[in-house]
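The primary structure of each chain is shown beneath.
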Amino acid sequence: MEKDIRLLVSFKGHRKRIKLQKRVGVEGVLSLIDLWLTAAEDAPDGKLSGWDEEDIAIAGGWGAEPGKFVDALVGCGFLEKTDGCFCLHDWEDHQGWTIGSK
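These remarks concern the structure in this document.

Reading the values: rules and limits
Residues numbered from 1 in each chain as written. Predicted model: local features only at pLDDT ≥ 70, side-chain atom pairs only at ≥ 80, totals over all residues. Heavy atoms only, no water. Helix = DSSP H or I, 4+ residues; strand = E, 2+ residues; numbered from the N terminus. Buried < 20%, exposed > 50% of the residue type's maximum accessible area, 1.4 Å probe, protein only. Expected span 1.5 Å × (residues − 1). Bend = angle between axes of the 7 residues up to and from the residue. Axes fitted to C-alpha atoms, helices over the stretch in contact; angles between N-to-C directions. Parallel < 35°, antiparallel > 145°, perpendicular 65-115°, else oblique. Contact = heavy atoms within 4.5 Å. Nonpolar A, V, L, I, M, F, W, Y, C, P; charged D, E, K, R; others polar.

Thoughts on the overall build of the chain
Link 1 in the chain: Scanning the chain from N- to C-terminus turns up four helices and three strands.
Link 2 in the chain: Starting at the N terminus, the α and β elements of the chain follow one another as α-β-α-α-β-β-α.
Link 3 in the chain: Dimensions along the principal axes, computed over C-alpha positions, put the chain at roughly 35 × 30 × 25 Å.
Link 4 in the chain: Looking at the 102 residues of the chain, the share that counts as buried comes to 42%.

Right, here's the structure in full:
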């Protein structure tokens, strides 16, 4: 199991983070980080196979409407839906060492 993830210092002022905060508040940014932490443990390849919007919201600790959180993540570019599966955008590029973890 992976014990950490990387968070670039540029995340603080990144336009996607700012957009997310404007759309769903600071709670959404914290939930994104929690989603990343959960993915490192439960979906280290970044593919959230079998996860629906509610699963993603639970993994992020998002307490409000799941669709609002997921729509914001997709709209800001943190999450993608490919072939019916949610995937974390560029996970391999940003969290490449988690890909092979058990």
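Additional details are given in the paragraphs that follow.
Observations concerning helix 1 (residues 15-42)
Helical geometry note: an α-helix holds 3.6 residues per turn, so side chains three or four residues apart project in the same direction.
Link 1 in the chain: Its 28 residues give helix 1 an end-to-end C-alpha distance of only 27 Å, which falls more than 12% under 40 Å, the value for a rise of 1.5 Å per residue.
Link 2 in the chain: Along helix 1, the helix axis deviates most sharply at Val24, where the bend reaches about 125°.

Quick word on the packing of helix 1 against helix 2 (residues 53-60)
Link 1 in the chain: The N-to-C vectors of helix 1 and helix 2 enclose an angle of 100°; their axes lie 7 Å apart at closest approach. On the basis of their axis angle, the class for helix 1 and helix 2 is roughly perpendicular. Of helix 2, the residues touching helix 1 (which contributes Ser31, Asp34, Leu35 and Thr38) are Ile56, Ala59 and Gly60.
Link 2 in the chain: Looking at side-chain class alone, the contact of helix 1 with helix 2 contains three nonpolar, three polar and one charged residues.

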